[in-house]
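Fold and contact review
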Amino acid sequence: MSPSPQHPARDTIPLGDIELHDNYLPALPAGDYRVEVTHALRTGQNDNASVVGDTFTAVQSFTVRGPQVAIDTRAVVARQPPDASRGRFAEVLPHVVLGDPMLPWERAMEGAPPGTPWLALLVLTDDQLVGGTDAPTRTISGTVGRFRASDAAVLKPELRVEADLGDTDPCTYIQVLAEEFHAVAPRLGELRFLAHCRAVNTGDRPVLGIQEDGLFAVVVANRFPAEGPPGSTTATKNIVHLVSLEGHEKILVDDPNFRGRTSVALLSLASWSFWAYPDLRAGFADLAEGLTRTPDGSPAGREDMWLRLASPYSDSDATPAPQRHVARRLNDGYVPLPYLTRSGESTYGWYRGPLTPVMPAATARAARATTADALVGYDPAWGSFDVSLATAFETGRALALADTAFAQHLLAFKHAARHLVDTLYHQATSNHLPPDGDGPRTARATFGTLLDGHLLTALDIPPGRPDTPWSPPAPAAPPADATQALEDFLRSDTTRATLTTALADGDGLGEHFAPIAQWLGRLMLLCPVPFTHLVPDERMLPKESLRFIHVDPSWLDALISGALSIGAQSSRDTLQDQIVAATVRAAAARVAAAHRDTLRGTAAPAADDAGDGLGSAARPVSGLLLRSALVSGWPNLAVRAGDPGGALLPVLRMDHLAPSVLLCLFDGLPATVELREPQEGFRFGVEDHGLVPLRNMLPPRPPAHLRLGEQIGTDVTFGVLDHLRTGTGNGRVLNIGSLIPALQAALNAAHVTTVGPIGPADLAMQMVKVPEAIQFTGPNGDRG
């Protein structure tokens, strides 16, 4: 995936808006080039002057590299319809979203004007393909040499392979029956209308590792999916291939010459398949609506939208006390798990992870804990244990020990801090140095006062001599309780201030402090925490479910305490850790708050004041867990959380924990949460009866004052399915040559003026289907 210039879309376009562009052309298309410079020396200034000696010539060959036989797998951001999905897709034009906005135009098509893409999206069925029966999408794996080799039955592209490619390089291709290729392939003049660019703000998407400059390329198919006959319940398999048409320009015409070949070979750069039903099954709206229902199909209430197990008992006065205790525990997000005590007894313990259905009460002991046992809770009334915080402590400790780099930084940091404290303590207790306020407090500085003036002058230090004779001091009496004296010194405000300053200024601590804060910041966002610690029972997050959550700050405190506990060998180490812990935790909280912005490259410089810290009572963290085909089908699904005033809450983390599981964490408590189709992945197609509503293409003007892209009217439509190629059976292939002039005339009539020529972006705006979204209102997850 080649880099592209930074586009301001990610910062300047409001969330939810979209810009459409015809293309994104490179300054020089990919290919092999040759520069030749000739210089002749003449006897005079006139062109007919005779040449003196030989002509000097210099030749330089170079290659502008670009994808030709394969593309980076990360280039494909989204596919529509989603891979392996099933649904009513008969009115949807399949398309693919590419993270590299320049990719479709990086190579030039022979005989075509600039702006013609070299890529096309073909929608095929099994009976149109030859070979590749072992692959789900009928692809054939081979080498460039094998693909280009002459075959009497297969028409190969007239491909000029770039100098950096060899015959042994791997590639993937397909073979399409010649007649079927002619039926479904776009004509050379139609290609430019089947690709365009979209600019959006990516602030509400998961960070997928793509180059997030906000600009995406979209390649659209010219064929509607095949489906079964009306009334049928059988799905029809459709196979989609993103193919290279480079070298096939001569057959992208109305009357191609296949030179006696029965099939056409095409490089396949990406492929997927889906199943189309005649009846509505599993589109975005259906999947989103399914989130509002319980597994048995009944409407879900607010109590069903939290991350917890369903209780078999009710929490009411009529319920016996033991059952009511169980109901309360389950409603608070706990699950009973086997627990083996230190004495070897087998019992059970209540466990709740960091993601809870209730606002948890913070406890200070989690941040002060030095062992997991100190955090085991016991309920004498019911004889049960609470192992939640103890598990968090051990999890943090295990994760820290498993990361060698972090453990080394932490141990080096503790050693440097211990050395600094020792130095400060000896300076404070030594009677070989003047008392506080009577002179320098280090041996080096004190010795400097004894040096003669000549040396001090050479060192550019003002000379000075003691006023009174010096005699060796008597040894200081040891403190009555050395341990208590050291503890008092560690707890003093002076020591705390010196350590805090050293963390910022270096002094042996700074070089290790930054990596520690970075690692702990990710830990506060639960990045390395195993999923089973987050969701201890699969029944809490069933398939096709959405669960809202709070993040327990005490669980996070215990997690950090466990990570910081490694390397503590004495009570002095423990006390020293507690002194610097507040500064370390505050730095980690700043890293966590800026984590997502750092990944996206938009992080602002961290403020010196950490405020109340991530996950504190003043800044609670909430979020959601989504397990649904919405995640796998729309990997860049947009998720937005709004506060009561309508402002968007900062997203702390938005990650795929599995192909169908999405975790979102918000900085604050949302009043609304919205799941929305991503703007760059809007569906293409037609509404009922093959119509599309016409949209305004002119700047706002009276009397309607319609915005650009707004529907002109509910009854102002255009029949897209009136412009299909003839003779293609159920293929339903668009006749772009007929569609564009007819659409141009319809738009002129609807605007009562000439709107100008129709380009790829204009066609995209008219064919984009209305995006779908679902909104949940209220902190309790009410559906809106």
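The next subject is unusual backbone geometry. Going from glutamine 80 to proline 81, the amide bond is cis rather than trans, its omega being -5°. Even without being glycine, arginine 259 reaches a positive phi, approximately 50°. Take arginine 259: it is sitting in the loop between β15 (236-244) and β16 (263-276). Accessibility expressed as a relative area gives 47% for arginine 259, which makes it partly exposed.

Next up on the list: a nonpolar patch on the surface. Taken together, the side chains of Leu28, Val35, Val37 and Phe62 define a hydrophobic patch exposed on the protein surface, amounting to about 310 Å² of accessible area. Since its relative accessible area comes to 38%, valine 35 is described here as partly exposed.

A few words now on the packing of aromatic side chains. Applying the stated criterion across every chain yields a total of nine aromatic pairs. Aromatic pair tyrosine 378 and phenylalanine 385: ring centres 5.0 Å apart, planes at 50°, arrangement tilted. In this structure phenylalanine 385 comes out as buried when scored by relative accessible area, which is 19%. For the pair phenylalanine 406 and tryptophan 519, a centre-to-centre distance of 3.9 Å together with 20° between the ring planes defines the contact as stacked. Linking phenylalanine 406 in helix α8 (residues 404-429) with tryptophan 519 in helix α13 (residues 510-524), this pair joins segments that are 113 residues apart in sequence. By way of ring pairs, the aromatic residues Tyr339, Tyr378 and Phe385 are connected into one cluster. Its guanidinium or amino end placed over the ring of tryptophan 275, arginine 86 lies 4.8 Å from that ring's centre, counting from NZ or CZ.

Let us look at the sheet that holds strand β1 (residues 19-21). As summarised here, the arrangement of the five strands in space is β1-β13-β14-β7-β4, forming an open sheet in which the pairing is antiparallel. Strands at the two margins of the open sheet, each flanked by one partner only, are β1 and β4 (76-80). Across the sheet, the mean angle from the axis of one strand to that of its neighbour is 25°, orientation sign disregarded. Pairing of β1 with strand β13 (residues 195-199), which is carried by three bridges, proceeds in the antiparallel orientation. Counterpart to glutamate 19 in the pairing with β13 is alanine 199.

Let us now look at the pattern of salt bridges. Using the criterion set out here, one finds 23 salt bridges in the structure. The residue arginine 707 makes a salt bridge to glutamate 710 at a minimum N-O spacing of 3.9 Å. What emerges from the salt-bridge pattern is a single network uniting Asp315, Asp317, Arg324 and Arg328.

Another point: helix α20 (residues 760-767). Every α-helical turn comprises 3.6 residues, leaving residues that sit three or four positions apart pointing alike. For α20, the buried fraction is high: seven of the eight residues fall into the buried class. Among the residues of α20, those classed as buried are Pro760, Ala761, Leu763, Ala764, Met765, Gln766 and Met767. Tucked into the core, α20 has its buried residues touching β1, β6 (92-93), β13, β28 (684-685), β29 (691-693) and α19 (736-751).

Judged by pairing direction, the sheet is mixed, and its four strands sit side by side in the order β17-β18-β21-β20 without closing on themselves. Edge positions in the sheet fall to β17 (335-340) and β20 (377-379), since each of these pairs with one other strand and no more. Between one strand and the next, the sheet's axes are offset by a mean angle of 40°, whatever the strand orientation. Strand direction decides the pairing type here: β17 and strand β18 (residues 346-351), joined by six bridges, are antiparallel. Of the residues in β18, the one forming a bridge with proline 336 is tryptophan 350.

A separate point is the packing of α13 against helix α16 (residues 571-593). One way to put it is that α13 packs onto α16 with a least axis distance of 7 Å and a crossing angle of 60°. Like other packed secondary-structure pairs, α13 and α16 cross with a definite hand, here right-handed. Of the residues in α16, those touching α13 at Phe513, Ile516, Ala517, Gln518, Leu520, Gly521 and Met524 are Thr583, Val584, Arg585, Ala587, Ala588, Ala589, Val591 and Ala592. In terms of residue class, the contact of α13 with α16 is made up of eleven nonpolar, three polar and one charged.

This paragraph deals with the environment of glycine 709. Mapped onto the elements of the fold, glycine 709 is located in the loop between β29 and β30 (717-719). For glycine 709, a relative accessible area of 22% translates into the label partly exposed. Spatially, the C-alpha atom of glycine 709 lies 9.9 Å from that of isoleucine 18, the residues being 691 residues apart in sequence. The residues touching glycine 709, leaving out its near neighbours within four places in the chain, are Arg695, Asn696 and Met765.

Scoring rules and cut-offs
Residues numbered from 1 in each chain as written. Predicted model: local features only at pLDDT ≥ 70, side-chain atom pairs only at ≥ 80, totals over all residues. Heavy atoms only, no water. Helix = DSSP H or I, 4+ residues; strand = E, 2+ residues; numbered from the N terminus. Buried < 20%, exposed > 50% of the residue type's maximum accessible area, 1.4 Å probe, protein only. Patch = residues over 30% accessible without salt bridge, like charges linked within 9 Å, V, L, I, M, F, W, Y side chains within 5 Å. Areas by Shrake-Rupley, 256 points an atom, 1.4 Å probe, with all protein chains shown as cover. Salt bridge = Lys/Arg side-chain N within 4 Å of Asp/Glu carboxyl O. Phe/Tyr/Trp six-rings, centres within 6.5 Å; stacked < 30°, edge-to-face > 60°. Lys NZ or Arg CZ within 6 Å of the ring centre and 35° of its normal. Pairing = 2+ DSSP bridges. Axes fitted to C-alpha atoms, helices over the stretch in contact; angles between N-to-C directions. Contact = heavy atoms within 4.5 Å. Left-handed = near helix turned anticlockwise from the far one by under 90°. Nonpolar A, V, L, I, M, F, W, Y, C, P; charged D, E, K, R; others polar.

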